[in-house]
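# Tertiary structure, described
Below are the chains, spelled out letter by letter.
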Amino acid sequence: MIDQNSINEVLNKVEILEIAQKLVPGLKKSGTSWKAKSPFTNEKSGSFFVVPHKEIYKCFSSGEGGGAVDLVMKMERCTWIEAIKWLADFYKIDLVETTSKDSPEVIQERKNKFESADKILRAAWSNWHKYTSQNDQLDKWLAERKITKDDAIQWGIVIAPDEPRFLSPKIIESNSYAIAKEIGLVNSKEEYVFDTYRDRIIFPIHGKKGAMVGFAGRLIKEDPEKKLGKYINPLDSFIYHKSEVLYGWHFAQNSIRKSGKVYLTEGYIDVIAMHRIGLDNTIAGCGTAVTEQQAQIIGKASKEVVILMDGDAAGLKATKRAIPIFLATGIEVKICTLPNNQDPDDLIKSFMPDANGEAPKLSDKQIAEIREVVTDKIEEHTKDAIRWTI
């Protein structure tokens, strides 16, 4: 197996523009992005974009998108670990192999299991994406919350239909049931196998290495009579460790390292809203209180954390619990309590122009102006953690 420090060295070195220029012909600068004809389809006009400051690519004609590792996997038709090796060769980084007491057979079996889980997750997302593209259900949900279609594309937001057996037959047919159940995609009652995610907005979650590790599912419409949880988060498993996962880390880590600062919010939509206005050093936990492992990950990449939890009782409780955990890492801890129980998404929406109930299309100038006023507002309501507790 490859040593984790070697993998981190590769991921920290990667610049997606350099990789895209190597792999995608005809890439040319277009504003703050780079543009080319899709390498995946036979399109006439260019719909393949690379956004260097976000470290992502998006191909609108095929629906493909992600980070540098995803691009290598797609272009080279390889697995995640093979993409890491490709990137290591590209950047002339020597990968260090770890010594293991496990037999080669056990190591290979473990590798196969991870690759199978990755394949299952990608297939699930692809099926949901196909369903989503065939109706306007997601468009309506996005418009209600002023989330743009570009946001949905960048973050891979799709819909799981209200069908108990949308994915299940495909999973059973591909002999993937055991792993799919272990990672929480399907469940069973006696001999009846059914989907875990139904009638929900799906937010793909990525691990700190950039690989997809699970999905968060938010109810499209809350029904008090059904008594369903607002969110379903992935099961703790061999591929998803909730104590370590941070939503948005794969997009935010470069910005966090460059700025030495991280905004920690409570919700997925808060992260998306902050990134939309260029505050892309923003992340969130995945439905859990801050853990020591998460604090250590953040502490290694930044010098300062600004905790931006919701202003309700639950948010305040979570903030109080997080302070000593972060202080133990040695980084500077600040607390922002927004007025009127606002969350970051509420704050950002309050400064957006009206667009007849839809997400407004913002110019670069408007984004910069909103970012400046939001940053000022956050600073105004931010205190040092020790002063905040007094």
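Our structure's up above, just so we're on the same page.
Attention shifts here to the overall build of the protein chain. Helix and strand counts for the protein chain come out as 16 helices and 16 strands. Its C-alpha atoms give the protein chain a radius of gyration of 21 Å, near enough to 21 Å, the size a compact globule of 390 residues would have. Looking at the protein chain as a whole, 50% of its 390 residues qualify as buried. For the protein chain, contacts bridging at least 24 residues in sequence account for 64% of all contacts bridging at least 6. Of the accessible surface of the protein chain, which amounts to about 19,800 Å², a share of 49% is contributed by carbon and sulfur atoms. Averaging the positions of the 55 positive and the 56 negative side-chain charges in the protein chain gives two centres separated by 2 Å.

Here the focus is the sheet that holds strand 16 (residues 382–384). Read from one edge of the open sheet, five strands run 13-12-14-15-16, paired in mixed fashion. On the outer flanks of this sheet lie strand 13 (282–284) and strand 16, each paired with one strand and no other. Neighbour-to-neighbour, the strand axes of the sheet open up by a mean angle of 30 degrees, direction not taken into account.

With the rule as written, the count across this model stands at 17 aromatic pairs. When the centroid spacing of 4.9 Å and the interplanar angle of 85 degrees are considered together, the rings of W155 and F251 count as edge-to-face. Of this pair, W155 sits in helix 7 (residues 149–155) while F251 sits in helix 10 (residues 249–259); the two residues are 96 residues apart in sequence, bridging distant segments of the chain. Each member of the pair, W155 as well as F251, carries the same accessibility label: buried. An aromatic cluster is defined as three or more aromatic residues linked by ring pairs; in this entry it consists of W141, W155, F203, Y231, Y247, F251 and Y268. Here K74 stacks its cationic end above the ring of F40, 5.6 Å away from the centre of that ring. The ring of F166 carries the charged tip of K170 above its face, separated from the ring centre by 4.6 Å.

Moving on: the nonpolar core. Within the largest apolar cluster, 50 residues are counted, with the highest numbers of intra-cluster contacts made by W128, W141, L185, F203, I205, F215 and Y247. Among the secondary structure elements, those contributing two or more residues to this core are helix 5 (104–133), helix 6 (137–144), helix 7, strand 6 (158–160), helix 9 (177–182), strand 9 (200–206), strand 10 (212–219) and helix 11 (268–276). Of all the elements, helix 5 adds the most residues to this core, at seven residues. Among residues more than four places away in sequence, those in contact with Y247 are W155, F203, P204, I205, Y268, V271, I272, I283, A284, G285 and C286. Grouped together as the second largest cluster of nonpolar side chains are 34 residues, L17, I19, A20 and Y91 included.

Positive phi, close to 55 degrees, is recorded for K146, a residue that is not glycine. Tracing the backbone shows K146 in the loop between helix 6 and helix 7. Within the chain, N175 stands out as a residue other than glycine whose phi angle is a positive 60 degrees. Tracing the backbone shows N175 in the loop between helix 8 (168–173) and helix 9. For N175, a relative accessible area of 74% corresponds to the exposed category.

The rules behind these values
Residues numbered from 1 in each chain as written. Predicted model: local features only at pLDDT ≥ 70, side-chain atom pairs only at ≥ 80, totals over all residues. Heavy atoms only, no water. Helix = DSSP H or I, 4+ residues; strand = E, 2+ residues; numbered from the N terminus. Rg over C-alpha atoms; globule rule 2.2 N^0.38 Å. Buried < 20%, exposed > 50% of the residue type's maximum accessible area, 1.4 Å probe, protein only. Contact = heavy atoms within 4.5 Å. Areas by Shrake-Rupley, 256 points an atom, 1.4 Å probe, with all protein chains shown as cover. Lys, Arg positive; Asp, Glu negative; His and termini not counted. Charge placed at Lys NZ, Arg CZ, Asp CG, Glu CD. Pairing = 2+ DSSP bridges. Axes fitted to C-alpha atoms, helices over the stretch in contact; angles between N-to-C directions. Phe/Tyr/Trp six-rings, centres within 6.5 Å; stacked < 30°, edge-to-face > 60°. Lys NZ or Arg CZ within 6 Å of the ring centre and 35° of its normal. Core = buried A, V, L, I, M, F, W, Y, C linked by side-chain atoms within 4.5 Å.

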